[in-house]
Protein chains: 2
Amino acid sequence: MVTMRDVAVRAGVTKQTVSNVVRGRVVVSEGTRARVEAAIAELGYTPNLIARSLATGTTMTVGLIVPTVGNPFYSEVVEEVEAQLERRGYHLLMATTRGDEKRARRHLSSLSSRSVDALLVADDFDLSEDLRLLGECGLPVVLCAWEIDPPDTLPVVTIDYERAGYLAGRHLRDLGHQRLLTVADLPAHRVRVQGVRRAFAEDGLGVPDTSVLAAPGTTPEDGYEVTLAALRAGARPTAVVASTDALALGVMASVRRYGLRVPEDISVVGIDDIPQAAHAHPPLTTVALPKRRMAQEATALLLRTLTGGGPAPPGVTLLDPGVQVRASSAPVR
Amino acid sequence: MVTMRDVAVRAGVTKQTVSNVVRGRVVVSEGTRARVEAAIAELGYTPNLIARSLATGTTMTVGLIVPTVGNPFYSEVVEEVEAQLERRGYHLLMATTRGDEKRARRHLSSLSSRSVDALLVADDFDLSEDLRLLGECGLPVVLCAWEIDPPDTLPVVTIDYERAGYLAGRHLRDLGHQRLLTVADLPAHRVRVQGVRRAFAEDGLGVPDTSVLAAPGTTPEDGYEVTLAALRAGARPTAVVASTDALALGVMASVRRYGLRVPEDISVVGIDDIPQAAHAHPPLTTVALPKRRMAQEATALLLRTLTGGGPAPPGVTLLDPGVQVRASSAPVR
DNA sequence: GTGAAAGCGCTAACAT
DNA sequence: ATGTTAGCGCTTTCAC
């Protein structure tokens, strides 16, 4: 392995001068710079990032914790975070929790051992035990995609999920729907359902608990099974809100399977706006969650801290979702 | 920051003893071990991974280069790689190329500067210039998802994409189809098209160049636009092979849009078997690419090298795709 | 079983 | 503008 020493010897200077040339932060005379650069090229020297990290105390790496990447919501978040980090020359160390709090904690503590300069957590699990640890090691942390009550000691950039539910409900109310079915991954998406209820409550309408179906997960199959069972059991909604687009896709399939049409017989609305929502049949009306913007702002916050902007203030930044009207919803008949 | 020194002082031993306790690789007497562990707990000590890396020359981190994660194929690959790495206690440093060779090269050289122990490259770009660099720095590298001619100096775990195309063609031939349209992201998926042609050629049938449509990209829209234009221009295929499922989804939409039915009028076959293929309407017949297995084997190869198994031998491991018959393909009428 | 010494490759502060 | 000195926090080798 060729080190800075080798280059220095070859160029007839000291390590320090080589360092100065490499980093370009200090003025070096034209002649020496040329000699050093020649030596670097001839020897094929590349600086050892680990050694630099140990000396500077900075790794130029940001840790990202997500539940999974096999889900369009999070894969877009990851993509956006990576893009933002790359622009500033940072690397991305990624870890997935797969819904397992133990794994999440393991990653938290392992990443906080100086191997990353900052941490972005895009998964809402109970952090209360870990907050002390995080606070102590002084690692900048930003939370995002936080749906349940986030800790108020950390900066959080997330989406107004309650409002997403509200907008879904509002849209259907505007179309005149009264008999609603809600399919949700509970308890994770509890606040989305709350939002839906608020929209209906505004018009004096209730959504009985029996009309809120808990899906076992968040795949199209889950939406399909749960909805088909409800329809077969005699449910007669004019509209369905699903707490995610993936569920909504399954809901649409089950409606069709049951022999009804979307949206003529039953309107279906999702939440998220994943790429495939636009290509569904019919194209899915949904409440778009601004995930890329969320990822962008969260990363910006983190980066600002790292580039001397001082610690990010704790507190929640709530981004607004917006209805994306497509063909799966129509006025009630 | 609490260091090993602090713990040593507190426990009345030397750094070395603390190190021995932490790593558990050397026998330490019961008494001292207890004292050291107590000191660690009281002080809240966590070892500095960077310092350890500098001393050992190993980072317990593997670099992964992929084109993107916003594509089900690669997001599954990433997921699988991450899962395998985590099982062995390795971290994942991920970088995306977004189809840009320059960016790919930048990542290659940046990651090879001792910040990762090994590199997994899941994107087929021209590596010829970089091979020397990679060889010199002695970083174990494994290639996967390599569709165009891989360098023969490195180990490669990939899928037989030509055979995938062949199987798609074979399936349609078995159903009696003769007038075929092929929609492909060219030149990237050239070998898939070759495979399709081979299947038809086996039966003495040719696929004219005019029946091979180059999609500008790989999204459903791309498939939609290209196919609709062809249909409107008078193309009358009884079957379409798309080089990816995403394209196939668009193809199906365009067929429907044109007023024809899938599969009654036109059969549609994709390649990949992404999760949504099964939920398409109709469910998409496709050639399943064993991406998880690919990711698993590539990671296993890398890890074996890292855990003292000696360097992985160069050469290509080709995994077999398999037809997944669903409702989008039917016998020709 | 434990300690002392040396060094991983680099950067930062100061001296020249 | 360049050289000197002193670490960063850990592991490794070799004494004891």
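Worth saying up front: this structure is predicted, and the values here are computed from it rather than measured.

Quick notes on the rules
Residues numbered from 1 in each chain as written. Chains lettered and ligands numbered in written order. Predicted model: local features only at pLDDT ≥ 70, side-chain atom pairs only at ≥ 80, totals over all residues. Heavy atoms only, no water. Axes fitted to C-alpha atoms, helices over the stretch in contact; angles between N-to-C directions. Helix = DSSP H or I, 4+ residues; strand = E, 2+ residues; numbered from the N terminus. Parallel < 35°, antiparallel > 145°, perpendicular 65-115°, else oblique. Left-handed = near helix turned anticlockwise from the far one by under 90°. Contact = heavy atoms within 4.5 Å. Nonpolar A, V, L, I, M, F, W, Y, C, P; charged D, E, K, R; others polar. Salt bridge = Lys/Arg side-chain N within 4 Å of Asp/Glu carboxyl O. Buried < 20%, exposed > 50% of the residue type's maximum accessible area, 1.4 Å probe, protein only. Buried area = accessible area lost by both parts, 1.4 Å probe. Polar contact = N/O pair within 3.5 Å; in protein donor to acceptor, adjacent residues only side chain to side chain.

Colleague: Looking at this structure, I do not really get the packing of helix H8 (residues 161-174) of chain B against helix H9 (residues 190-202) of chain B. What am I missing?
Modeller: The description of two helices packed together rests on the angle between their axes and the distance between the axes. Residue and element names in this part refer to chain B. Two elements in contact, H8 and H9, have axes separated by 6 Å at closest approach and are oriented at 40°. By the angle class used here, H8 and H9 are oblique. When you trace H8 past H9, the crossing you get is right-handed. Across the interface between the two elements, Tyr161, Glu162, Arg163, Gly165, Tyr166, Gly169, Arg170 and Arg173 of H8 pack against Val191, Arg192, Gln194, Gly195, Val196, Arg198, Ala199, Phe200 and Glu202 of H9. Taken together, the residues of the contact of H8 with H9 sort by class into six nonpolar, four polar and seven charged.

Colleague: What's the story with the pattern of salt bridges in this structure? I'm lost.
Modeller: Should their charged atoms come close, side chains of opposite charge can pair. Enumeration according to the criterion identifies 48 salt bridges over all chains in this entry. Among the salt bridges present, the one from Glu82 of chain A reaches Arg98 of chain B, with a minimum N-O distance of 2.9 Å. Taken together, the positions of Glu82 of chain A in helix H5 (residues 72-87) and Arg98 of chain B in the loop between strand S2 (91-96) and helix H6 (101-111) put the pair across two chains. The class for Glu82 of chain A is buried, based on a relative accessible area of 3%. For Arg98 of chain B, a relative accessible area of 37% puts it in the partly exposed group. Ionic pairing is found between Arg170 of chain B and Asp174 of chain B, a salt bridge with its closest N-O pair at 3.4 Å. Taken as a pair, Arg170 of chain B and Asp174 of chain B lie in helix H8 at a separation of four residues, close to a single helical turn. Looking at Asp174 of chain B, the relative accessible area reads 57%, which means it is exposed. In the salt-bridge network here, residues are joined through shared partners; they are Glu82 and Glu86 of chain A together with Arg98, Arg103 and Arg106 of chain B.

Colleague: Help me understand the interface of chain A and chain B in this model?
Modeller: Interfaces are often sized by the amount of accessible area the parts lose when they come together. With 43 residues of chain A at the interface, the matching set in chain B holds 43 residues. In total, chain A and chain B occlude about 3700 Å² of area from one another, counting both sides; carbon and sulfur atoms represent 55% of this. In terms of surface lost to chain B, no three residues of chain A exceed Ile50, Glu86 and Arg114 of chain A, which account for 18% of the buried area on that side. The tally of links from chain A across to chain B stands at 26 residue pairs in polar contact (both at pLDDT 80 or more). Taken together, the elements giving at least two residues each to the side of chain A that touches chain B come down to helix H4 (49-56), H5, strand S2 (91-96), helix H6 (101-111), helix H10 (220-232) and helix H11 (245-257) of chain A. Looking at side-chain class alone, the side of chain A that touches chain B contains 17 nonpolar, 17 polar and nine charged residues.

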